[in-house]
Amino acid sequence: MEVKSTYKYARVSAKKARDVAREIQGLPVSSALDALNFTPKKSAALIAKTLKSAIANAENNFELDADELIVKEATVGEGPTFKRFKPRARGSAGAIRKRTSHIFITLAPKAEAESTK
């Protein structure tokens, strides 16, 4: 039984968030939360929020024990980009792209994750 959680339109670029998401893949849930708490990046807080949501989904919707879960997959995809402009010299304008991302986390029980390897 896989449990999923999604955070859409996160205000951080996907490139920056992917570095943090790669660090927690395959870890038990408690270790992943510890790693995210001590990672000094904005994306770590957003990914931790999504991970806590996935844990709550597992406990409330599927009656799974949080201690038995591992992070099967943590991916970050590109979201829409907000386009803004800043005035530049001689009446021109410089484009500013404010990137967003979608964070997807999948949890699975330890026994099920090991059997699929």
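Just above, that's the structure.
Residues numbered from 1 in each chain as written. Predicted model: local features only at pLDDT ≥ 70, side-chain atom pairs only at ≥ 80, totals over all residues. Heavy atoms only, no water.

Undergrad: Would you take a moment to explain the nonpolar core for this structure?
TA: Nonpolar side chains tend to gather and get buried jointly when the protein is soluble and globular. Counting 28 residues, the largest nonpolar core has L36, I47, L51, V71, I105 and L107 as its most contacted members. Within the residue set of this core, elements represented by two or more residues are β1 (3-10), α1 (14-24), α2 (29-37), α3 (42-61), β2 (69-87) and β3 (93-109). In this structure, I105 is in contact with V3, K4, S5, I47, T50, L51, A54, V71, E73 and A74, ignoring residues within four places of it in sequence. (Core = buried A, V, L, I, M, F, W, Y, C linked by side-chain atoms within 4.5 Å. Buried < 20%, exposed > 50% of the residue type's maximum accessible area, 1.4 Å probe, protein only. Helix = DSSP H or I, 4+ residues; strand = E, 2+ residues; numbered from the N terminus. Contact = heavy atoms within 4.5 Å.)

Undergrad: Teacher, can you tell me more about the environment of K15 here?
TA: You can see K15 is positioned in helix α1. Given a relative accessible area of 68%, K15 falls into the exposed group. Sequence-wise, K15 and G77 are 62 residues apart; in three dimensions their C-alpha atoms are separated by 8.8 Å.

Undergrad: Explanation requested: the side chain of T100 in the structure shown.
TA: Topologically, T100 is positioned in strand β3. Residue T100 is classed as buried on the basis of its relative accessible area, which comes to 1%. The residues contacting T100, other than those within four sequence positions of it, are Y9, A10, R11, V12, E78, G79, P80 and F82.

Undergrad: Where do I start with the packing of α1 against α3 in this structure?
TA: How two helices sit against one another is set out by the angle between their axes and by the gap between those axes. Contact pair α1 / α3: the axes reach a minimum separation of 9 Å and the direction vectors enclose 55 degrees. Considered as vectors, α1 and α3 are oriented oblique to each other. The two elements α1 and α3 meet at a crossing, and its hand is right-handed. Residues K16, A17, V20, A21 and I24 of α1 touch α3, and the partners they reach there are S43, A44 and I47. (Axes fitted to C-alpha atoms, helices over the stretch in contact; angles between N-to-C directions. Parallel < 35°, antiparallel > 145°, perpendicular 65-115°, else oblique. Left-handed = near helix turned anticlockwise from the far one by under 90°.)

Undergrad: I would appreciate a short explanation of the sheet that holds β1 in the present structure.
TA: The strands making up a sheet associate through hydrogen bonds between their backbones, and the pairing can be parallel or antiparallel. Ordered in space as β1-β3-β2, the three strands form an open sheet in which the pairing is antiparallel. Both outer strands of the open sheet, β1 and β2, are each paired with one neighbouring strand and no more. Neighbour to neighbour, the strand axes of the sheet diverge by 10 degrees on average, direction disregarded. Of the strand pairs in this sheet, β2 and β3 are connected by 16 bridges, and their pairing is antiparallel. Bridge assignment links E73 to a residue of β3, and that residue is T106. Sheet strands touched by α1: β2 and β3. Its angle to β2, the strand with the most contacts, is close to 170 degrees. (Pairing = 2+ DSSP bridges.)

Undergrad: Please explain the pattern of salt bridges as it appears in this structure.
TA: Once the charged atoms of two side chains with opposite charge are near each other, the side chains can pair. By the definition in use, this model includes two salt bridges. K72 is paired through a salt bridge with E2; the nearest N and O atoms lie 2.2 Å apart. Here the residue K72 occupies a position in strand β2, and E2 occupies one in the segment before β1, the gap between them amounting to 70 residues. Across the pair D19 and R22 runs a salt bridge whose closest N-O atoms are separated by 3.3 Å. Within this pair, D19 and its partner R22 are both found in helix α1, separated by three residues, close to a single helical turn. Owing to a relative accessible area of 40%, D19 belongs among the partly exposed residues under this scheme. (Salt bridge = Lys/Arg side-chain N within 4 Å of Asp/Glu carboxyl O.)

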